[in-house]
Amino acid sequence: MMASTSTASATAMAGAFAAAGVNKPRGSAACPRVPAGGRQRLSCVVRCDAGPGVPAQMAAMAASVAALEQFKISADRYMKEKSSIAVIGLSIHTAPVEMREKLAVAEELWPRAVAELTNLNHIEEAAVLSTCNRMEIYVVALSWNRGIREIVDWMSMKSGIPAAELREHLFMFRDSDATRHLFEVSSGLDSLVLGEGQILAQVKQVVRSGQNSGGLGKNIDRMFKDAITAGKRVRSETNISCGAVSVSSAAVELALMKLPKSECLSARMLLIGAGKMGRLVAKHLAAKGCKKVVIVNRSVERVDAIREEMQGIEIVYRPLTEMYEAAADADVVFTSTSSESPLFTKEHAEALPPVSGALGGVRLFVDISVPRNVSACVSDVGHARVYNVDDLKEVVEANKEDRLRKAMEAQTIISEELKRFEAWRDSMETVPTIKKLRSYADRVRASELDKCLQKIGEDALTKKMRRSIEQLSTGIVNRLLHGPLQHLRCDGTDNRTLDETLENMHALNRMFGLDTEKAVMEQKIKTKVEKQKTQN
């Protein structure tokens, strides 16, 4: 599904992996992109220390500042490449639900996670995309190899997962591969259910969350917005979503598959949680011919909204305090809440009465929450079976081949949007040169103007004369800069023009000794050092 990186890129990536203390993914020297079912894995050496005391924390802060100061001294090593975009994470393709739930970040906590990530020494920008099927961190890193090490360390400490276990399930992509991955995620190409639409809404929510908290930087913000554009185009210009199912509809399909065919429509259905996923479960149950669904939720308002939307099915509301009583009256229990701890344990399941013999005497729990709402040990109870999001693969495998053919059409659109984003990012390289050239010209103008005014003498000039001389000097500088600055501006849509613009940028940097790239990097490092000192 992905193209491999070039040989030159392979050499650079291999060196960076080594510098970061990260082993190359097995089976590929070039770290090529691979289909979702066989993602490259990230092997890394991560230390996960138990909670340090105050002296240890102070020592860690001092070490952070020292590391940045050392980075500043060796900044010349990083001048050859612009800051890298990277994605590191795990998904349903690489990690079981038991691991994903430990790393899951609730939507309302995304801004805090972004703040923690951007406080890391080598991370400029960050975004978190956490769903039931994936937990991915997108960053712009000053030094991508060091940045990756910091992110993996953060993930390990957050989850408490031993490094040896975590490293076997992580994937990592850089620059154009990272961007392409996000575009494919937004388009539904990386989903468990190929072409499903809910992930596009979740990508949109990352942008909204960032706008509300001010947490997204310009590169990550633009990348996610372009990913939304790609996702919309794929769905409107291809038929990949035609007949596609969501996680919620796959959960309904799975439940019906496990019930005796003669009892499918008569089985008593209980839905716990009336959020987006729960609403879709109710919708698909109605579409399958189910006539009644009991919904347990904290408040009645969301249930009333579902009732108004779905007129052809009886919706019965039960408050959260009556959850176990409602479960006792249900044959199938769907759970879709944001609870951090299980709602049903083995003890709860044992206390529930058995279901009808016509249904095999087994109560089904279909849990589509991450973290999970139903403990896996519930399946140890003789009259209960538990299915989670990882079990939905059984449903989607049947129509996967057809949608894979449709996915090939989507890649053309994704490549077009990827090219547009990378052109925009390349065009942004000229902004520091424009600022430095303007600043340089203004300093020369101010210096020469000051010499001129001193020669004439302050007493010989009226305010009007002084203002006229200043305007003259400003006008001359503006006229002289107009041509060079025009040749540093382009919208990135034309590759030929973009190449010429970047050549002009490098030429002006040489002619005026602007040393823009080093100055930009040093400023970024200085900002990080000062931030760390302030926090200390």
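Conventions we followed
- Residues numbered from 1 in each chain as written.
- Predicted model: local features only at pLDDT ≥ 70, side-chain atom pairs only at ≥ 80, totals over all residues.
- Heavy atoms only, no water.
- Helix = DSSP H or I, 4+ residues; strand = E, 2+ residues; numbered from the N terminus.
- Pairing = 2+ DSSP bridges.
- Axes fitted to C-alpha atoms, helices over the stretch in contact; angles between N-to-C directions.
- Contact = heavy atoms within 4.5 Å.
- Buried < 20%, exposed > 50% of the residue type's maximum accessible area, 1.4 Å probe, protein only.
- Polar contact = N/O pair within 3.5 Å; in protein donor to acceptor, adjacent residues only side chain to side chain.
- Parallel < 35°, antiparallel > 145°, perpendicular 65-115°, else oblique.
- Left-handed = near helix turned anticlockwise from the far one by under 90°.
- Nonpolar A, V, L, I, M, F, W, Y, C, P; charged D, E, K, R; others polar.
- Core = buried A, V, L, I, M, F, W, Y, C linked by side-chain atoms within 4.5 Å.
- Phe/Tyr/Trp six-rings, centres within 6.5 Å; stacked < 30°, edge-to-face > 60°.

Draft legend 1. Up close: unusual backbone geometry. The omega torsion of the bond from V370 to P371 falls at 5°, within 30 degrees of zero and hence cis. Its location among the elements puts P371 in the loop between β11 (363-367) and β12 (384-387).

Draft legend 2. The arrangement of the sheet that holds strand β8 (residues 292-297) in detail. What the six strands build is an open sheet, ordered β9-β8-β7-β10-β11-β12; its pairing is parallel. Looking along the sheet, the strands with just one partner apiece sit at the ends: β9 (314-319) and β12. Neighbour-to-neighbour, the strand axes of this sheet turn through a mean angle of 20°, independent of strand direction. On the sheet, helix α11 (residues 276-287) packs against β7 (269-272), β8 and β10 (332-335) and is oriented at approximately 160° with respect to β7.

Draft legend 3. Region of the structure containing the side chain of D331. Structurally, D331 is set in the loop between α13 (323-328) and β10. Note on D331: relative accessible area 4%, which makes it buried. Separated by 2.7 Å, the side chain of D331 and the backbone nitrogen of R268 make a polar contact. When residues no more than four places from it in sequence are discounted, the contact partners of D331 are A267, R268, V355, L359, V362, R363 and L364.

Draft legend 4. Main features of the packing of helix α10 (residues 247-258) against α11. In contact at an axis separation of 8 Å, α10 and α11 are set at 50° when each is read in the N-to-C sense. By the criterion of interaxial angle, the relationship of α10 to α11 is oblique. In the crossing of α10 with α11, the sense of the turn from one axis to the other is right-handed. Two secondary-structure elements touch here, α10 through V247, S248, S249 and V252 and α11 through M277, L280, V281, H284 and L285. Partitioning the contact of α10 with α11 into residue classes produces six nonpolar, three polar and no charged.

Draft legend 5. Looking closely at the nonpolar core. Within the largest apolar cluster, 64 residues are counted, with the highest numbers of intra-cluster contacts made by V128, I137, Y138, I151, L166, M223 and F224. Once residues within four sequence positions are removed from consideration, I151 is found in contact with I88, L117, L120, I123, I137 and V139. In this structure, I92, A251, I315 and Y387 belong to the second largest nonpolar core, which totals 45 residues.

Draft legend 6. How the structure looks around the packing of helix α17 (residues 430-456) against helix α18 (residues 463-486). At a minimum axis separation of 10 Å, α17 and α18 run at an interaxial angle of 150°. Accordingly, the angle class assigned to the pair α17 and α18 is roughly antiparallel. When you trace α17 past α18, the crossing you get is right-handed. Along its contact with α17, which presents I434, L437, R438, A441, D442, R445, L449, L453 and I456, the element α18 presents R466, I469, E470, S473, T474, V477, N478, L481, P484 and L485.

Draft legend 7. Structural context of the sheet that holds strand β4 (residues 123-130). Taken together, four strands build an open sheet; the order of strands is β4-β5-β3-β6 and the sheet is antiparallel. This sheet does not close on itself; its edge strands, each paired only once, are β4 and β6 (171-174). Geometrically, the sheet is characterised by an average inter-axis angle of 15° between neighbouring strands, direction not taken into account. Where strand β3 (residues 84-91) lies against strand β5 (residues 134-141), eight bridges are found, and the strand directions are antiparallel. When the bridges of β5 are listed, V87 appears paired with Y138. Against the sheet, helix α7 (residues 176-186) makes contact with β3, β4, β5 and β6, and its axis sits at roughly 145° relative to β5, the strand it touches most. With respect to the sheet, helix α8 (residues 198-213) is in contact with β4 and β5, its orientation differing from that of β4 by roughly 145°.

Draft legend 8. Expanded view of the environment of L256. Positionally, L256 belongs in helix α10. Residues L256 and K288, 32 residues apart in the sequence, show an inter-C-alpha distance of 9.2 Å. With residues up to four places along the chain from it excluded, the contact list for L256 reads C264, M269 and K288.

Draft legend 9. Just the packing of aromatic side chains, in detail. Applying the stated criterion across every chain yields a total of five aromatic pairs. Taken together, a centroid distance of 5.3 Å and an interplanar angle of 85° make the contact between Y138 and F224 edge-to-face. With Y138 in strand β5 and F224 in helix α9 (residues 218-237), this residue pair connects regions lying 86 residues apart in the sequence. Taken together, a centroid distance of 5.2 Å and an interplanar angle of 55° make the contact between F344 and F365 tilted. Of this pair, F344 sits in the loop between β10 and α14 (346-351) while F365 sits in strand β11; the two residues are 21 residues apart in sequence, bridging distant segments of the chain. Like F365, F344 is buried. Among the aromatic residues, those joined into a cluster by ring pairs are Y324, F344 and F365.

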